[in-house]
Amino acid sequence: MLSRNQLSEVLQTALQEGGDFAEIYIERKMTSGITCEANKIERVVSGGENGAGVRVINGDNTMYAFTNDITLNGLNKIAEAVSKAVKNQKKSLSINLIEVKPELKFPILKRPEQVKIDDKVEIVQRCDQYAREVDSRIKQVTVSYGDVVQNITIANSLGNFVEDERIRTRLVVNAIAVDKGNIQTGYESMGGFSGFEYFDKHDPAKLAKEAAQRAISMLSAKPAPAGKMPVVMAGEAGGTMVHEACGHGLEADLVQKKLSVYAGKKGQEVASKLVTVVDDATLQGKYGSFRFDDEGMKAQKTVLIKDGILEDYMYDRLTAKKDGKESTGNGRRESYQNRPITRMTNTYIASGKMIPDEIIKSTSKGLLVKKMGGGQVNTTTGDFVFDVTEGYLIKDGQVAEAVKGATLTGNGPNSLKMVDMIGNDLGFGIGVCGKDGQGVPVTDAQPTLRIPELIVGGLLD
């Protein structure tokens, strides 16, 4: 463990040839993972990884180098390398590092490294059993468990010194149902900023059964109809819409590169007055939560769209500097091998006032989306195509037969402007968001909402 004086020395080395800002990011990470396939434990892995990165920002340019040698000598070597990439006026400075204390507490009751591997294996095997017991047509089940204990140290030339620990736990179940050549899958996941106590509050059996039941229900589903129709997205559908069709477009790096449909629209109406979009890393126990981001900024709650008006973007230090703002605490990186970039944390559409069932009863004909799949979005235009993994027709205000093969095609801002009903629920989903080759844990959420007209891909009548 390096002292603050030693880290200060490394920062001075990084800035010896010039530069506006220097930062050290040290990471120590322990992970474990268990996978069950074909009714047997296929993989049990655990391991650790240590490393550090040094970054210098000079104007709009970033120089970054990393190493797995976290001694003073190792850090000074990459600081020297980064400093040589900066062609600026030489500096002589003194940096007094002051510790920044966290304001949030995320208590951990059962640290993953103190839980017996047999207890973790038992949860995985139980999930496999529960999923298979749903129906004899469940032919394949894959269950994955993972946890990570990540300790970080961040020091920068502004004099900030941050130490923090992040502990995350997750569980994923994928079930495959087969009947007369018809193959359908069901997928569910859960996880949070939590230790093993996560499973005291969240039932793995329920997760496994839901994944299996989704696969079974889709066996009897008819091909989805095609055309424009009202679409009701259930709160449990997951936050694919807000994350992909809205969230990425509100990340300041894409905005500044003019790669976002939301560029230059701050203060303008970009959604229905019913829609408020928030990114909030302070939520207790959520998968995308933290006390400090990967640049040492305290976690924040940022209102991005309020009552349909675009209020703000998500910023890291570099993009905030370009816009003359403070970072919103959205600087994140996959590991010490990556420089931080602007990323979402826990992003959601705020809940409204309607009871979800009333939204369905108010819809004479349409599509109910209970689970979203993957998809694609063009952040420059806002155009999107998403898969629906569990959908049902709505007839006369009632949920009717299941349909399969549906896709949703539309434009993010246009779709959000059309939202005419929002429920009082809020369904959260977890995932790993990929951007510029980096994956970070995130949570997305939305209430039940209705879009009166959306293009549904399926079969024409």
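Structural data are supplied above this passage.
Residues numbered from 1 in each chain as written. Predicted model: local features only at pLDDT ≥ 70, side-chain atom pairs only at ≥ 80, totals over all residues. Heavy atoms only, no water.

Examining the packing of aromatic side chains
To keep things clear, this is the line we draw: Stacked, edge-to-face and tilted labels apply to pairs of Phe, Tyr and Trp rings (six-membered ring for Trp) whose centres lie within 6.5 Å, assigned for plane angles under 30 degrees, over 60, and everything in between, in that order. Only runs of H or I of at least four residues qualify as helices and only runs of E of at least two qualify as strands under DSSP, and these elements are numbered from the N terminus. Using a 1.4 Å probe on the protein chains alone, a residue whose accessible area is under 20% of its type maximum counts as buried, one over 50% counts as exposed, and one in between counts as partly exposed. A ring has a charge above it when a Lys NZ or an Arg CZ is no more than 6 Å from the ring centre and no more than 35 degrees off the ring normal.
Applying the stated criterion across every chain, the model contains eight aromatic pairs. For the ring pair Tyr 145 and Phe 196, a centre distance of 6.2 Å and an interplane angle of 70 degrees mean the geometry is edge-to-face. Of this pair, Tyr 145 sits in strand β5 (residues 138-156) while Phe 196 sits in the loop between β7 (182-192) and α4 (198-201), and the two are 51 residues apart along the sequence. Residue classification places Tyr 145 among the buried residues on the basis of a relative accessible area of 2%. By way of ring pairs, the aromatic residues Tyr 145, Phe 196, Tyr 198 and Phe 199 are connected into one cluster. For Lys 286, the ring lying beneath its charged end belongs to Phe 428, and the centroid distance is 3.9 Å. Just above the ring of Tyr 25 sits the side chain of Arg 333; from NZ or CZ to the centre is 3.9 Å.

A short note on the environment of Gln 438
Inclusion rule: By definition, residues are in contact when any of their heavy atoms lie within 4.5 Å. For the purposes of these results, a polar contact is taken to be a pair of N or O atoms within 3.5 Å, where, inside protein, one atom must be able to donate a hydrogen and its partner to accept one; residues adjacent in sequence count only when each atom of the pair is a side-chain atom.
Its place among the elements puts Gln 438 in strand β22 (residues 438-446). Each C-alpha atom, one on Gln 438 and one on Met 314, is 17 Å from the other, the two residues being 124 residues apart in sequence. When residues no more than four places from it in sequence are discounted, the contact partners of Gln 438 are Arg 332, Arg 333, Glu 334, Asn 338, Arg 339, Ile 341, Arg 343 and Cys 433. Here Arg 339 takes part through its backbone oxygen, which lies 3.1 Å from a polar atom of the side chain of Gln 438.

Notes on unusual backbone geometry
Despite not being glycine, Ala 38 shows a phi value in the positive range, around 55 degrees. Its location among the elements puts Ala 38 in the loop between β1 (21-37) and β2 (40-58). Given a relative accessible area of 43%, Ala 38 falls into the partly exposed group. One non-glycine residue, Lys 258, lies in the positive phi region at around 60 degrees. One can find Lys 258 in the loop between α7 (252-256) and β10 (277-280).

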